[in-house]
Structures are given as structure tokens and as C-alpha cells.
Amino acid sequence: MPGLPALRIALRTGAFAVLAGLGGCMGMDSGGGGGLAAGLTASMASPGANLDRPTALSMINQYRSTTGAGSLTEDSALDSQAQALAAAYAKSGKAPALPPGASGLRASAGYTTFAETFSGWRNSPADAAVLSDGKARRAGLAAVYDAGSDYGVYWILVLGG
């Protein structure tokens, strides 16, 4: 059985966790996004859905800051490349290979929101390593919806030095 000082620390830590959890609930939006920005929880599973790239990149950069990696800047050429790769991925069902000149690539399918996609990447050791690559300085991001495909929504993140 832990001693009294250890028990006090455990109780304080537990109380802090409960308060932090309640604080997160207070900011919850009616869409169930847990207080996340609408651009992160917007569904891409419809024709014409638009990805909020700046907000998504901000989430990636917040993660990178926790790993010691510098911020990425949005790159329109990499956005175009990501868009083309995501469209090809949706049509073929085959994840693309790292394009020439890119320093990293992440591909996912089936997630409807960027928050879900990012959570999958962050929780996969291989994906997290690419997200936190300190050599990357630029990023392009795309989501493509294809109703006739196996997974519906296809995501591509292309990183450049």
C-alpha cells in the first residue's frame, strides 16, 4: 500500500485529470468534435467537400512541436501533387509510392475527417516518424472523395525539405 505522500500525489493527479477532462467537455461543439476546430472535424465524405488545409497543417505543426521538429509551411505545388496522388489512390485503391523529390509521404483511406486521419497517423509508429521528421519543411495535403470506391475518402500528405 502506498504511503500517505504517494497517495496524496495520486489523488491530486487524478483530480487534475478529471478537471482537465471536464474542461475539454465544456468546449465541446454540438457536432461532437470535442472542442476541435470545425475544419478538423468536417466530413470529407461528400462531393465537393473542402479540406481546411491551414487548420489541418496547424494540427500537424502542434504535434511536430512536441517532437522537437520545426513547423511545416503549406506548399501549393505539394498540395497539387497530394491532390493528384489522392485521386489516383481513390481510383486504383493502391497507396502511392514516395514521389521523386519528396522527403515523406503518408497515405490513408476510410477516415472521413482530418482529425480521425491525423489520430491514425499519430498513433502509428511509422506514420508518426514521418510526421516528426525534422528535415521536412514544406507540406502538401489532400483528401479525395470517391463514392464508388472501397474506402470513400483518401488522404495524402506529401512532405518536402
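Rules used throughout
Residues numbered from 1 in each chain as written. Predicted model: local features only at pLDDT ≥ 70, side-chain atom pairs only at ≥ 80, totals over all residues. Heavy atoms only, no water. Core = buried A, V, L, I, M, F, W, Y, C linked by side-chain atoms within 4.5 Å. Buried < 20%, exposed > 50% of the residue type's maximum accessible area, 1.4 Å probe, protein only. Helix = DSSP H or I, 4+ residues; strand = E, 2+ residues; numbered from the N terminus. pLDDT = per-residue confidence, 0-100. Contact = heavy atoms within 4.5 Å. Salt bridge = Lys/Arg side-chain N within 4 Å of Asp/Glu carboxyl O. Lys, Arg positive; Asp, Glu negative; His and termini not counted. Polar contact = N/O pair within 3.5 Å; in protein donor to acceptor, adjacent residues only side chain to side chain. Phe/Tyr/Trp six-rings, centres within 6.5 Å; stacked < 30°, edge-to-face > 60°. Pairing = 2+ DSSP bridges. Axes fitted to C-alpha atoms, helices over the stretch in contact; angles between N-to-C directions. 1 Å grid on protein atoms, 1.4 Å probe; cavity = no way out; pocket = protein on both sides within 12 Å on 5 of 7 lines; lining within 4 Å. Points joined across faces, edges and corners; volume = space filled by probe spheres on them. Nonpolar A, V, L, I, M, F, W, Y, C, P; charged D, E, K, R; others polar.

## Some details on the nonpolar core
Line of reasoning, step 1. With 24 residues, the main nonpolar core has F114, W155 and L157 as its most contacted residues.
Line of reasoning, step 2. The element best represented in this core is helix α3 (residues 53–67), accounting for five residues.
Line of reasoning, step 3. Formed by 13 residues, the second largest nonpolar core is a distinct cluster that contains L78, A82, Y89 and I156.

## Details of the confidence of the model for the protein
Line of reasoning, step 1. Taken over all residues, the pLDDT of the protein has a mean of 83, while the share at 70 or more is 79%.
Line of reasoning, step 2. For the protein, the element scoring lowest by mean pLDDT is helix α1 (residues 4–26), at 33; strand β4 (residues 153–160) scores highest, at 98.
Line of reasoning, step 3. Confidence drops under a pLDDT of 50 for residues 1–33, and excluding neighbours within four residues, the segment shows eight contacts in the predicted structure.

## Concerning the pattern of salt bridges
Any two side chains of opposite charge can pair, so long as their charged atoms come close to each other.
Line of reasoning, step 1. On inspection of all chains with the given rule, the structure shows three salt bridges.
Line of reasoning, step 2. Across the pair R138 and D75 runs a salt bridge whose closest N-O atoms are separated by 2.8 Å. Pair noted here: R138 is in strand β3 (residues 138–145) and D75 is in the loop between β1 (73–74) and α4 (76–92), with a separation of 63 residues, a long-range link.
Line of reasoning, step 3. Under the relative-accessibility criterion, D75 is labelled buried at 14%.
Line of reasoning, step 4. A salt bridge links R106 to D127; the nearest nitrogen and oxygen atoms lie 2.2 Å apart. With R106 in strand β2 (residues 104–109) and D127 in helix α6 (residues 125–131), this pair connects stretches of sequence that are 21 residues apart. One exposure class covers both R106 and D127, and it is buried.

## Re the side chain of D146
Line of reasoning, step 1. Counting through the fold element by element, D146 comes out in the loop between β3 and β4.
Line of reasoning, step 2. Among buried charged residues, D146 stands out as having no salt bridge; its nearest opposite-charge side chain is K91, 4.3 Å away.
Line of reasoning, step 3. At 3.0 Å, the side chain of D146 forms a polar contact with the backbone nitrogen of G148.
Line of reasoning, step 4. In this structure D146 touches A90, K91 and G152, once residues within four positions along its chain are discounted.

## With respect to the packing of aromatic side chains
Line of reasoning, step 1. Applying the stated criterion to the full structure yields six aromatic pairs.
Line of reasoning, step 2. Taken together, the aromatic side chains of Y63, F114, F118, W121 and W155 make up a single cluster linked through ring pairs.

## What to know about the pairing of β4
Line of reasoning, step 1. Burial within β4 is extensive, with eight of its eight residues counted as buried.
Line of reasoning, step 2. Where β2 meets β4, six bridges bridge the pair, whose relative direction is antiparallel. Directly across from L105, in β4, lies its bridge partner V158.

## Examining the sheet that holds β4
Line of reasoning, step 1. Pairing is mixed in the open sheet, where four strands are placed in the order β1-β3-β4-β2. The open sheet is flanked by β1 and β2, the only strands paired with a single partner.
Line of reasoning, step 2. Along the sheet, α4 makes contact with β1, β2, β3 and β4, crossing β3 at roughly 35°.

## Some details on empty space enclosed by the protein
Line of reasoning, step 1. Under the defined criterion, the tally for this structure stands at one cavity of 30 Å³ or more.
Line of reasoning, step 2. Lining the largest cavity we find R53, L57, I60, E74, D79, A139, G140, L141 and L157.
Line of reasoning, step 3. Those elements that place two or more of their residues in the lining of the largest cavity are α3 and β3.
Line of reasoning, step 4. Across the lining of the largest cavity, the residue classes break down as five nonpolar, one polar and three charged.

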